[in-house]
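What the coordinates show
Letter by letter, the chains look like this.
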Amino acid sequence: MGNSILRNKWIVWALILLITVIWGYAWVFMKASLDFMGPFTFSAFRFGTGAVTLLLVVWLWKAGRPPRNMWKHLIIVGILQTSVVFLLVMYGMQFVDAGKSSVLLYSMPLWSSIFAVKILGEKISAGKTIGLGIGMLGLVTILGWDIFMVQDPEVIFGEILIIAAAIAWASSNVYYRINLQGMNKIQVTAYQMLFGTIGIIIASLFAEWGDPVQLTGESIFYILFTGVMASALCFSVWFLLLSTIDMVTATLSTLLVPVFGLFFGWWVLGETLTTGIIVGSMLILVGIVVAQLSRK
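Residues numbered from 1 in each chain as written. Predicted model: local features only at pLDDT ≥ 70, side-chain atom pairs only at ≥ 80, totals over all residues. Heavy atoms only, no water.

1. Some words on the overall build of the chain
Regarding its fold elements, the chain presents 13 helices and 0 strands. On C-alpha atoms alone, the chain measures out to a radius of gyration of 19 Å, which is about the 19 Å that the 2.2 N^0.38 rule sets for 296 residues. Classification of the 296 residues of the chain by burial places 51% in the buried group. Across the chain, contacts joining residues at least 24 apart in sequence account for 89% of those joining residues at least 6 apart. The positive charge centre, built from 16 side chains, and the negative charge centre, built from 12, are 23 Å apart in the chain. (Helix = DSSP H or I, 4+ residues; strand = E, 2+ residues; numbered from the N terminus. Rg over C-alpha atoms; globule rule 2.2 N^0.38 Å. Buried < 20%, exposed > 50% of the residue type's maximum accessible area, 1.4 Å probe, protein only. Contact = heavy atoms within 4.5 Å. Lys, Arg positive; Asp, Glu negative; His and termini not counted. Charge placed at Lys NZ, Arg CZ, Asp CG, Glu CD.)

2. Digging into the nonpolar core
Core analysis: the largest hydrophobic core is formed by 84 residues, its most contacted members being Trp 27, Met 30, Val 85, Val 89, Leu 105, Leu 180 and Leu 241. If one sorts the elements of this core by residue count, helix H2 (residues 9–32) sits on top with 12 residues. Residue contacts for Val 89: discarding those within four places in its chain leaves Trp 27, Met 30, Leu 105, Ile 162 and Ala 165. (Core = buried A, V, L, I, M, F, W, Y, C linked by side-chain atoms within 4.5 Å.)

3. A closer look at the packing of helix H5 (residues 98–105) against helix H12 (residues 256–268)
With their axes 7 Å apart at the nearest point, H5 and H12 run at an angle of 165 degrees to one another. For the element pair H5 / H12, the angle class is roughly antiparallel. Once H5 is placed against H12, the crossing between them reads as left-handed. Where H5 abuts H12, its residues Gly 99, Lys 100, Ser 102 and Val 103 lie against Pro 258, Gly 261 and Leu 262. Looking at the contact of H5 with H12, its residues break down into 3 nonpolar, 3 polar and 1 charged. (Axes fitted to C-alpha atoms, helices over the stretch in contact; angles between N-to-C directions. Parallel < 35°, antiparallel > 145°, perpendicular 65-115°, else oblique. Left-handed = near helix turned anticlockwise from the far one by under 90°. Nonpolar A, V, L, I, M, F, W, Y, C, P; charged D, E, K, R; others polar.)

4. Let's talk about the environment of Met 183
Relative to the elements of secondary structure, Met 183 occurs in the loop between helix H8 (153–179) and helix H9 (185–208). In the structure, Met 183 is positioned 40 residues away from Leu 143 in sequence and 38 Å away in space, judged by C-alpha atoms.

5. Concerning the confidence of the model for the chain
Segments scoring low in pLDDT should not have their predicted coordinates read at a detailed level. Of the residues in the chain, 93% reach a pLDDT of 70 or more, and the chain-wide mean stands at 88. By mean pLDDT, helix H1 (residues 3–6) is the weakest element of the chain at 54, and helix H4 (residues 71–92) is the strongest at 96. (pLDDT = per-residue confidence, 0-100.)

6. What about the environment of Trp 61?
Along the chain, Trp 61 turns up in the loop between helix H3 (39–60) and H4. Considered as a pair, Trp 61 and Leu 283 are 222 residues apart in the sequence and their alpha carbons are 41 Å apart. Not counting residues within four places of it along the chain, the set of residues in contact with Trp 61 comprises Ile 186, Ser 236 and Leu 240.

7. Here's the deal with the side chain of Gln 192
Locating Gln 192 in the fold gives a position in helix H9. In this structure the side chain of Gln 192 is engaged in a polar contact, spanning 2.8 Å, whose partner is the side chain of Thr 82. (Polar contact = N/O pair within 3.5 Å; in protein donor to acceptor, adjacent residues only side chain to side chain.)

8. Some thoughts on the side chain of Thr 41
Tracing the chain through its elements places Thr 41 in helix H3. There is a polar contact of 2.6 Å between the side chain of Thr 41 and the side chain of Glu 208. Among all residues touching Thr 41, those that are not within four sequence positions of it are Ser 204, Glu 208 and Val 213.

9. Quick look at the packing of aromatic side chains
Taken as a whole and judged by the stated rule, the model has 23 aromatic pairs. Each ring, one from Trp 71 and one from Tyr 191, has its centre 6.2 Å from the other, and the planes form 45 degrees; the classification is tilted. In this pair, Trp 71 sits in helix H4 while Tyr 191 sits in helix H9, placing the two residues 120 residues apart along the sequence. One aromatic cluster is present, formed by Tyr 25, Phe 29, Phe 36, Phe 221, Tyr 222, Phe 225, Phe 260, Phe 263, Phe 264, Trp 266 and Trp 267 through successive ring pairs. One Lys or Arg, Arg 68, reaches over the ring of Trp 71 and ends 5.9 Å from the middle of that ring. (Phe/Tyr/Trp six-rings, centres within 6.5 Å; stacked < 30°, edge-to-face > 60°. Lys NZ or Arg CZ within 6 Å of the ring centre and 35° of its normal.)

10. With respect to the pattern of salt bridges
For the structure on display, the rule yields 1 salt bridge. One salt bridge connects Glu 159 with Lys 100, and the closest N-O pair in it is separated by 2.9 Å. Placement of Glu 159 in helix H8 and of Lys 100 in helix H5 is noted, with a sequence separation of 59 residues between them. Judged by its relative accessible area of 8%, Lys 100 falls in the buried class. (Salt bridge = Lys/Arg side-chain N within 4 Å of Asp/Glu carboxyl O.)

11. Points about the packing of H4 against H9
Relative to each other, H4 and H9 sit at 55 degrees, their axes nearing to 7 Å. Between H4 and H9, the angle is such that the two are oblique. H9 is crossed by H4, and the crossing has right-handed handedness. Note on element contacts: H9 touches H4 through Val 188, Tyr 191, Gln 192, Met 193, Phe 195, Gly 196, Thr 197, Gly 199, Ile 200 and Ala 203, opposite Trp 71, Leu 74, Ile 75, Val 77, Gly 78, Ile 79, Gln 81, Thr 82, Ser 83 and Leu 87.

See the structure below:
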């Protein structure tokens, strides 16, 4: 894919749409995979496949290995961004619908804004404060609706785990900015995924050793789609696009992922879109948009 092709804005936005659709649909397969194996085992298969594919991309692009003094930082980012995030998400998805899970995880920019102020010392504008408040109100709306209307402790527990995953993701972003900002992005992604996968494998061996694993054509397709397409291919194209579009546009475009996650969860899995989910999701999306646009 040459730079001349990426200069065409319609191709750029078509690629962004394609990537976000794939990421949104991946939530359906993540949920469906739980019928075939444990959540940690699936994550090990998925990110193991993704890491191998990304390392192949690094080799083809001749990006080389990261400096040895960066390995400890890559291990920490891998544990936070891959191990912790997806161990919590996949375990939480045993109790929470795929669409709602995608919305809760993509509250990450709200937590990133808080950490940027507290840890990085960034100044928070009035617009960002308003956006943060709107987004947090959305989270409270979803949780509050389930606490008072659904009253299922397992659902609440799953939602808390996924919000914790969003916080871990935001923490990894801050750690990346402090310690890995100057490194090649595709190189960072490949190696942090490799180290994160090792963490997931260790967790799956302890938590799910001896549990049944059904490797059928369907479950293998879920692993390959989420590992190769959603994890490796999409991130590779995404890093190419980041050389063309600005970071605000990039962050805003990722908001399409939970929108597609909700839609596909309703359409494919028959998940119910309650008033609390719809109102809360819209508040989270609006809050992130307001916070991001205020950067300008």
